[in-house]
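So you can see what is in the structure, the chains are spelled out below.
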Amino acid sequence: MNEHKNDNEEAQSAVSRRGFLKGIGGGFIGSAAVGTGLLGEQAAAAVTGPPTMSGPQRITLHINGTQRQLDVEPRTTLLEALRDRLQLTGSKEVCDRGQCGACTVLIDGVAVLACMTLAADVGQREVTTVEGLAPEGQMNDLQQAFVAQDALMCGFCTPGFVMAGEALLRTNPTPTAGEIRMGVSGNVCRCGTYPKVFEAIEVTAKKRRS
Amino acid sequence: MASWKPYDEMKVMGQRQPRLDGPEKVTGRARYTYDQRPPGMLYGVLLTSPHAAARVVAIDADRARALPGVRAVLTDIHPTGNVRFAGEYVAAVAAVNKQVALDAVALIEVNWQTRAHVVTLWEAIDEDAPRVFADKDNVTESERGDGDVDAGFSQAETIVEAEFFTQVQTHSPLETHGSVAAWDGDELTVWDSTQAVHGVREGLAKALEMPANKVRVICHHMGGGFGAKLGPGAYSVIAAKLARQAGAPVQLMLSRKDQHLSVGNRPDSWQQLKLGATKDGQFTAFECTTWGSGGIGGRGGVSQPYVYSFPAWKQQHHDVATNTGGARAFRAPGRPQACFAMEQIIDEMAWKLGLDPLDVRLRNDGNETRHEQWRIGAERIDWPRWRRREPGAGAGPIKRGVGMGASIWFTGGRGTKAQMDILSDGTVEVRCGTQDLGTGTRTLVAAVAAEELGLPIAAINARIGDSDFPYSGGSGGSTTAPSVAPAIKNTAEKAKAELAIVVARHLGVAADTLSFVDGTVRVASGQTLSWREACAMLGANAVSVQGEWQEGLSGSNVAGCQFAEVEVDTETGRISVIKVVAVADCGLIVDRLTTESQVNGAVIQGISYALLEERIMDSETGRMVNADFENYKVLGALETPEIDVILYDQPERGVIGIGEPPTIPTSAAVANAVYHAIGVRLRDLPMTPDKVLRALEGA
Ligand code: FES
Ligand code: FES
């Protein structure tokens, strides 16, 4: 944590460019906007201009049954906090804007996109990541079914699918085939594992019922 | 020539084996390049060109350098300063976290001198179009052919001419391209999301002008490539340079936008086809004029004439350069485009002649394997029932139809080396410098080793994805399985022979009286040792051998065919694929479960190509307007049909690669099914609802 604390002290003056960028509708325009006049100047103004919120804040996250204290900037997303600060790299960043589901975690049992959630907004709520479903590396039944059915290939989307599937089964223990599809419809898999993902969720639902 | 043991004696190969890295991946423990966090790691971000054609006059990065938290800034990463597409890398920053790096990049001022650009094939072929390369035409022509085309067409009783278009598709692997670079003195370690650890090592050494034996490239897990990650990336070199300047490891992963723009795509195509046939459906000649734009890469090949036999054919092709990111190999380069057009014109010919489209294909298909596959596929989709339905005949606004398409892919194996250690405690480690793209290579390595040693797959520690391991080539062209499996078998065979010598000496028997079965070592005389007991005889002298690829264990020329059933809503224009029957040539199957997944994935990508994906360029700004996952659509769970995967076993042909072939015919089969459903042909990919409605209006 110490090393990160220093990082943040140094970064303090950088204020909340992310908030600014999100405000104008895109989290990632830096590269396209630079040096093109207006946008470039606006981005620069956002860095030197009056901040809306600034500086690190000490927060406590309740993650996978433990409490983790860390200093985050207001703009730090839950996904960044997990991946870059807490070494919980199971949740993936794929699109960074709510279009793929790879960053899906559970907050109080409900599926949430960690890339669209600010770490400072999580508060006392309980966050469960894909690592949290398998304490000490022991896979839960859904994870076991993913392996058995081969519901993963490159596996980069897989943590997101596992979490979406888990969220579905917790809210709807008897999903129909259509509901299973709907439950993971916010998740993208480029390798094309969908048919086996459906099987894995179905098998697990059956198992949990019996 | 080397050979496999009889298929029915195999205990591990050919079974349904869950992939070995599954548990790591489903629990989030698998560390991809994106997940590497060496101590003190900095985050790199690229500044890319917003202009499609421009010269960098000056870069002022003083404000970026002054920003607290910034540790390295590079402003000389573009080789010439002459930018040819929006998205080229012009500067890079490494900082203590990603936000600071993004802030710093926004502070870099670039003075640009822009030029006129051209970003679409249509504009680029215009005589007055701006040139992408000052010293070269945008269009490069070439011609291929065989036989007397004019004579062929004069023998034809029917001629069909038609025009087809396919779009630019980006690879869109979920893990973007990227590297983590860490220096230790003059030695460099790079974690890279790559399809070729050895290739990246060589490329990096060259680019950094350092000896290759001081570079190590690691890729334990990677989040997809599909051809886009075969070569060493400029981003890897930049990461290494940033790391050197900062004196700390640097992670540089491309953004989703960078990924769409700068690291490859499947070129588009414009194809004018002409097909001649006798009235009983025998082809007499084929001719086509094709264009394809591979961006600044220039090459936009279209592999006509695809699959079928023509007594005479001619292709006049035009590679077209545009101010867009260069094309790269993408899952069967040049084939899906060609297949989409060819299978449709054949279909058109068949319906025009009043013949069964399947019969016309069988008559002109010279591939024996596929004849059998056509039969199997037709039965599974119930083609005899569907063939009786006239195109567009269904009642009501929602119509169904069935279509088909065929594929061939060369694949084949090549040089790979591997190393195996058998230790005295009975553990086995096999090392090979190949990599697992999500195809299941790690599992394949273990399965082949286990089969040869008579052990369960869990007994093998298969280590891959490291350039410190024996050489294996890049994972492209569906060559990985046929390259790696023979090398592992050969290595395991040698290791087993060495172990046998030691055990035989201990027992005072001849080595050739030993056999390795079911985790035991059996002596012809009747004595049986457990594997562990046998290995204990090694004492301090572990077995450590190297082996390599051998002739006779792998095959090539992978045939396949697919049938698709679709439903078209003629009121909304929406196409839903209901079912795909995919008959895939599999040679000797190493792992039935992961092979099935490969076919599923290929079909799904094919449907995605058929219905959704398209890079859209804005001519005015020269930029891609949908460089994300919201507007660049990739097929999702709701659009996934039932996929009936039929693995067509031919163990006698040895191990073959299956990654590419099954993605080729899907879009063609879907397009033919759409025609069968609505009686109107869609000649332009992707087949979006607006195009369906327009086609119906024009009908
Ligand atoms: S990374 Fe969060 S939805 Fe894509
Ligand atoms: S398994 Fe590769 S993206 Fe889903």
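A quick note: this is a predicted structure, and the numbers were derived from the prediction, not measured. (Residues numbered from 1 in each chain as written. Chains lettered and ligands numbered in written order. Predicted model: local features only at pLDDT ≥ 70, side-chain atom pairs only at ≥ 80, totals over all residues. Heavy atoms only, no water.)

Asks: Can you walk me through the overall build of chain B in this structure?
Replies: When helices and strands are tallied, chain B shows 18 helices and 26 strands. Expected size for 699 residues packed as a compact globule is a radius of gyration near 27 Å; at 27 Å, chain B falls within 12% of this value. Overall, the C-alpha framework of chain B stretches about 80 × 70 × 45 Å when taken along its three principal axes. Each of the 699 residues in chain B was classed as buried or not, and the buried ones make up 65%. The contacts in chain B between residues at least 6 apart in sequence include a share of 80% that link residues at least 24 apart. With an accessible surface of roughly 24100 Å², chain B has 46% of that area assigned to carbon and sulfur atoms. (Helix = DSSP H or I, 4+ residues; strand = E, 2+ residues; numbered from the N terminus. Rg over C-alpha atoms; globule rule 2.2 N^0.38 Å. Buried < 20%, exposed > 50% of the residue type's maximum accessible area, 1.4 Å probe, protein only. Contact = heavy atoms within 4.5 Å. Areas by Shrake-Rupley, 256 points an atom, 1.4 Å probe, with all protein chains shown as cover.)

Asks: What's the story with helix H7 (residues 158–171) of chain A in this structure? I'm lost.
Replies: In an α-helix, one turn spans 3.6 residues; hence positions three or four apart end up facing the same way. Residue and element names in this part refer to chain A. Relative to the 20 Å expected for 14 residues at 1.5 Å per residue, H7 spans 20 Å between its end C-alpha atoms, a close match to the ideal helical length. The buried fraction of H7 amounts to 12 of the 14 residues, a majority that puts the element mostly inside the structure. Those residues of H7 that fall on the buried side of the exposure criterion are Thr158, Pro159, Gly160, Phe161, Val162, Met163, Ala164, Gly165, Glu166, Ala167, Leu168 and Leu169. (Expected span 1.5 Å × (residues − 1).)

Asks: Looking at this structure, how should I read the sheet that holds strand E26 (residues 642–649) of chain B?
Replies: Either a parallel or an antiparallel arrangement is found when strands of a sheet pair, and the pairing is made through backbone hydrogen bonds. Residues and elements named next belong to chain B. If you trace the four strands from one edge of the open sheet to the other, you get E16-E24-E25-E26, paired in mixed fashion. The sheet terminates laterally at strand E16 (398–411) and E26, the two strands that pair on one side only. Going from strand to strand, the sheet's axes swing by 15 degrees on average, the running direction of each strand aside. Of the strand pairs in this sheet, strand E24 (residues 556–569) and strand E25 (residues 575–587) are connected by nine bridges, and their pairing is antiparallel. Across the sheet, the residue bridging to Gln562 is Ala582, located in E25. (Pairing = 2+ DSSP bridges. Axes fitted to C-alpha atoms, helices over the stretch in contact; angles between N-to-C directions.)

Asks: For this particular structure, what's the right way to read the domain arrangement of chain B?
Replies: Quite often, the size of an interface is put as the accessible area lost when its parts meet. Residues and elements named next belong to chain B. Per the domain assignment, the segments making up chain B are domain 1 (7–29 + 414–548), domain 2 (33–115 + 177–253) and domain 3 (265–410 + 557–698). Just the C-alpha atoms count here: the centres of domain 1 and domain 2 sit 38 Å apart. The partner domain 2 presents 17 residues to the 21 residues of domain 1 that form the contact. Together domain 1 and domain 2 conceal approximately 1400 Å² of surface at their shared face, both sides included; 47% is due to carbon and sulfur atoms. In this structure, Arg216 and Asp466 form a salt bridge, with 2.6 Å as the shortest nitrogen-oxygen distance. Seen at the junction of domain 1 and domain 2, the total is 10 residue pairs in polar contact (both at pLDDT 80 or more). In terms of residue class, the side of domain 1 that touches domain 2 is built from five nonpolar, nine polar and seven charged. (Domains from an automatic or database assignment. Buried area = accessible area lost by both parts, 1.4 Å probe. Salt bridge = Lys/Arg side-chain N within 4 Å of Asp/Glu carboxyl O. Polar contact = N/O pair within 3.5 Å; in protein donor to acceptor, adjacent residues only side chain to side chain. Nonpolar A, V, L, I, M, F, W, Y, C, P; charged D, E, K, R; others polar.)

Asks: Any chance you could explain the packing of helix H9 (residues 335–353) of chain B against helix H17 (residues 666–678) of chain B here in plain terms?
Replies: Any two packed helices are characterised by how steeply their axes cross, that is the angle between the axes, and by the distance between the axes. All names here are of chain B. Between H9 and H17, whose axes approach to 8 Å, the crossing angle comes to 30 degrees. Relative to H17, the element H9 lies roughly parallel. H17 is crossed by H9, and the crossing has right-handed handedness. Across the interface between the two elements, Pro336, Cys339, Phe340, Glu343, Gln344, Asp347 and Trp351 of H9 pack against Ser667, Ala668, Ala671, Asn672, Tyr675 and His676 of H17. Looking at side-chain class alone, the contact of H9 with H17 contains seven nonpolar, four polar and two charged residues. (Parallel < 35°, antiparallel > 145°, perpendicular 65-115°, else oblique. Left-handed = near helix turned anticlockwise from the far one by under 90°.)

Asks: Whenever I open this one, the pattern of salt bridges confuses me. Can you help?
Replies: Think of it this way: side chains of opposite charge can pair up when their charged atoms draw near. All names here are of chain B. Taken as a whole, this structure holds 54 salt bridges over all chains when the rule is applied. Among the ionic pairs, Arg387 bridges to Asp359, the shortest N-O distance being 3.4 Å. Taken as a pair, Arg387 in the loop between helix H12 (383–386) and E16 and Asp359 in helix H10 (residues 357–364) lie far apart in primary sequence, 28 residues in all. Asp359 sits in the partly exposed class, given a relative accessible area of 39%. Each of the salt bridges in this network shares a partner with another, and the network as a whole consists of Glu343, Asp347, Glu348, Arg361, Arg681 and Arg683.

Asks: How do you make sense of the packing of aromatic side chains when you look at a structure like this?
Replies: Remark: the centre distance and the inter-plane angle together describe each pair of aromatic rings, the angle taken between the planes. Counting across every chain of the model gives 14 aromatic pairs over all chains. Relative to B:Tyr34, the ring of A:Phe156 lies with its centre 6.2 Å away and its plane at 5 degrees, an arrangement referred to as stacked. Separated into two different chains, A:Phe156 in the loop between helix H6 (141–149) and H7 and B:Tyr34 in the loop between helix H1 (22–26) and strand E1 (42–48) make up a pair that spans both. Across this residue pair, the class does not change: A:Phe156 and B:Tyr34 are buried. Note on B:Trp409 and B:Phe410: the rings are 4.4 Å apart at their centroids and 25 degrees apart in plane angle, and the pair reads as stacked. Classification of B:Phe410 as partly exposed rests on a relative accessible area of 42%. Clustering of aromatic rings is evident, with ring pairs tying together B:Trp122, B:Phe165, B:Trp270 and B:Trp291. The aromatic ring of B:Tyr34 is capped on one face by A:Arg83, whose charged end is 4.9 Å from the ring centroid. (Phe/Tyr/Trp six-rings, centres within 6.5 Å; stacked < 30°, edge-to-face > 60°. Lys NZ or Arg CZ within 6 Å of the ring centre and 35° of its normal.)

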